[in-house]
Amino acid sequence: MSSPTKIHFPSFGLKICGELHAPARGSPDRKGAAVVVSHPMTGVKEQTSTDYARALSQGGFYVLTFDAGYQGESTGQPRGLEDPHQRVEDNKAAVTYLTALKGEVDPERIGVLGICASGGYTSYAAQSDARIKALATVSAACVGRMTRNGGVQEDKTENAEAIVGALQAAGQWRNANLIPPGAQPPPMFETDPSKVPENADPFFRDAAQYYGTKRGEHERSDHLVPLSSYDLMVSYDSFNFQHLISPRPLLMIAGSAAQTYHYSRTAIAAAKDPKELFTVQGKNHFDLYDDLRETGPKVVDFFGKSLAA
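Residues numbered from 1 in each chain as written. Predicted model: local features only at pLDDT ≥ 70, side-chain atom pairs only at ≥ 80, totals over all residues. Heavy atoms only, no water.

Some remarks on the UniProt feature "domain: Dienelactone hydrolase" (unreviewed entry) in the protein
Phase 1 of the analysis: Mapped onto the present numbering, the UniProt feature "domain: Dienelactone hydrolase" (unreviewed entry) falls on residues 28-136.
Phase 2 of the analysis: In residues 28-136, helix accounts for 35% and strand for 17%; the two terminal C-alpha atoms are 20 Å from one another. (UniProt positions renumbered as here; feature names shortened; annotations may be inferred. Helix = DSSP H or I, 4+ residues; strand = E, 2+ residues; numbered from the N terminus.)

Take a look at the structure:
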């Protein structure tokens, strides 16, 4: 399989670094269909995004992976900032880049795949960008609800203490870092599985098993998130207007054992047809990052029917 081509494109004044995967030799003719793949929060393009890009490339699609603004090989200060609106714009800017590939990509056959937090960001992007002709998500989550609720679990609801705590931490961080680059931000979670306490949140214990092992470790994925990210996330919501994606097709994939499963279930309920919730039995949130035995063929089939039929 040929190596992807390094590319760059602008987004809100930042220089976004991406990789363009061409359709694999001998793969089906998808009539110039292309898919943008957007990575999880604290991730980089070389991790799960590339795994899905390979599956889609082998399925005959052009695939664009990229590092979000402030992260990976893309520009932006402070490093590691998680800005939902930047993340949404990055996806729209990636679509714009693909539309310029005349003779290769058909601008009427562009879809988007979002993983984890990007399942939320790409939902928000698709709600307001008709150029996105089909949307698929894997282990989707909403960073706004996560921040307001104090965690990702279904039993957590909007929590005044969580909101106050997030905003106080963000304000204190901003006051203490008036002149960039400022202090190094704290890690969002422990990535060394041997150092994760027994009583740790199971979600972050599962995260360490992916990001802290050969499954997903990468030198540019350091999980350092400036606390100023949290006042950007607190009023954001990924799925409030999920019904606006229709009549374009929507596929949401989640593991039955994922703490985030409820996001996909409720987002699908809020959407209009055509829509599908595809549940992978026994899998947690992070299992679907690199176990593509069911999800890989599913996204290839979905985009094949949605973009290249």
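Points about helix H3 (residues 117-127)
Note: α-helices contain 3.6 residues per turn, so residues at a spacing of three or four share the same orientation.
Phase 1 of the analysis: Burial within H3 is extensive, with 10 of its 11 residues counted as buried.
Phase 2 of the analysis: All of the buried residues along H3 are Ala-117, Ser-118, Gly-119, Gly-120, Tyr-121, Thr-122, Ser-123, Ala-125, Ala-126 and Gln-127.
Phase 3 of the analysis: Against the buried residues of H3 lie strand E3 (34-38), helix H2 (84-99), strand E5 (110-115), strand E6 (134-138) and helix H4 (143-149). (Buried < 20%, exposed > 50% of the residue type's maximum accessible area, 1.4 Å probe, protein only. Contact = heavy atoms within 4.5 Å.)

Thoughts on the environment of Arg-220
Phase 1 of the analysis: Examined against the element boundaries, Arg-220 turns out to sit in the loop between helix H6 (202-211) and helix H7 (229-233).
Phase 2 of the analysis: Assessed through its relative accessible area of 29%, Arg-220 is described here as partly exposed.
Phase 3 of the analysis: Residues Arg-220 and Val-37 lie 183 residues apart in sequence; the distance between their C-alpha atoms is 18 Å.
Phase 4 of the analysis: Sequence-distant contacts of Arg-220, that is, excluding residues within four places in its chain, are made with Val-44, Lys-45, Glu-46, Gly-72 and Glu-73.
Phase 5 of the analysis: Side-chain polar atoms of Arg-220 contact the side chain of Glu-46, separated by 2.8 Å. (Polar contact = N/O pair within 3.5 Å; in protein donor to acceptor, adjacent residues only side chain to side chain.)

What to know about the packing of aromatic side chains
Phase 1 of the analysis: Scanning the model with the defined rule gives 15 aromatic pairs in all.
Phase 2 of the analysis: Geometrically, the ring pair formed by Tyr-210 and Tyr-211 is edge-to-face, given 4.9 Å between the ring centres and 85° between the ring planes. Like Tyr-211, Tyr-210 is buried. (Phe/Tyr/Trp six-rings, centres within 6.5 Å; stacked < 30°, edge-to-face > 60°.)

Some words on the pairing of strand E7 (residues 250-255)
Phase 1 of the analysis: When you tally the buried positions in E7, you get 6 out of 6 residues, the bulk of the element.
Phase 2 of the analysis: Here E7 shows no split at all, with Leu-250, Met-252 and Ala-254 on one side and Leu-251, Ile-253 and Gly-255 on the other all buried.
Phase 3 of the analysis: Here 4 bridges tie E6 to E7, and the two strands are oriented parallel to one another. Paired with Leu-135 across the two strands is Leu-250, which belongs to E7.
Phase 4 of the analysis: Sheet topology note: the E7/strand E8 (residues 275-280) ladder contains 6 bridges and is parallel. Bridge pairing in E8 links Leu-250 to Lys-275.
Phase 5 of the analysis: The handedness of the E7 to E8 crossover, carried by helix H8 (residues 261-270), is right-handed. (Pairing = 2+ DSSP bridges. Right-handed = clockwise from strand over helix to strand, strands pointing away.)

Thoughts on the pattern of salt bridges
Phase 1 of the analysis: Counted under the stated rule, the structure contains 22 salt bridges.
Phase 2 of the analysis: In this structure, Arg-174 engages Asp-231 in a salt bridge whose closest nitrogen and oxygen atoms are separated by 2.7 Å. Within this pair, whereas Arg-174 is found in helix H5 (residues 160-176), its partner Asp-231 is found in helix H7, the two being separated by 57 residues in sequence.
Phase 3 of the analysis: Take Arg-174: its relative accessible area is 38%, and that puts it in the partly exposed class. (Salt bridge = Lys/Arg side-chain N within 4 Å of Asp/Glu carboxyl O.)

Examining unusual backbone geometry
Phase 1 of the analysis: Looking along the chain, the bond that leaves Ser-246 and enters Pro-247 is cis, with omega of 15°.
Phase 2 of the analysis: Its place among the elements puts Pro-247 in the loop between H7 and E7.
Phase 3 of the analysis: With omega at 0°, the peptide bond leading from Asp-273 into Pro-274 counts as cis.
Phase 4 of the analysis: Within the element layout of this structure, Pro-274 appears in the loop between H8 and E8.

Considerations on H8
Phase 1 of the analysis: Among all positions in H8, only Tyr-261, His-262, Tyr-263, Ser-264, Ala-267 and Ile-268 are buried.
Phase 2 of the analysis: Of the surrounding elements, those touching the buried residues of H8 are H4, E7 and E8.

Side note on the pairing of E6
Phase 1 of the analysis: Burial runs high along E6: 5 of the 5 residues are buried.
Phase 2 of the analysis: Burial of the side chains of E6 extends over both faces: Ala-134, Ala-136 and Val-138 are buried on one face and Leu-135 and Thr-137 on the other.
Phase 3 of the analysis: Direction of pairing for E5 relative to E6: parallel, over a ladder of 5 bridges. Among the inter-strand pairings, Leu-113 is bridged to a residue of E6, identified as Ala-136.
Phase 4 of the analysis: Between E5 and its parallel partner E6, the chain crosses via H3, and the hand of that crossover is right-handed.

Some thoughts on the side chain of Ser-238
Phase 1 of the analysis: Here Ser-238 shows up in the loop between H7 and E7.
Phase 2 of the analysis: Within the local environment of Ser-238, its side chain forms a polar contact with the side chain of Tyr-236, the two groups lying 3.0 Å apart.
Phase 3 of the analysis: Sequence-distant contacts of Ser-238, that is, excluding residues within four places in its chain, are made with Gly-120, Tyr-121, Ser-123, Tyr-124, Gln-127, Ala-141 and Cys-142.

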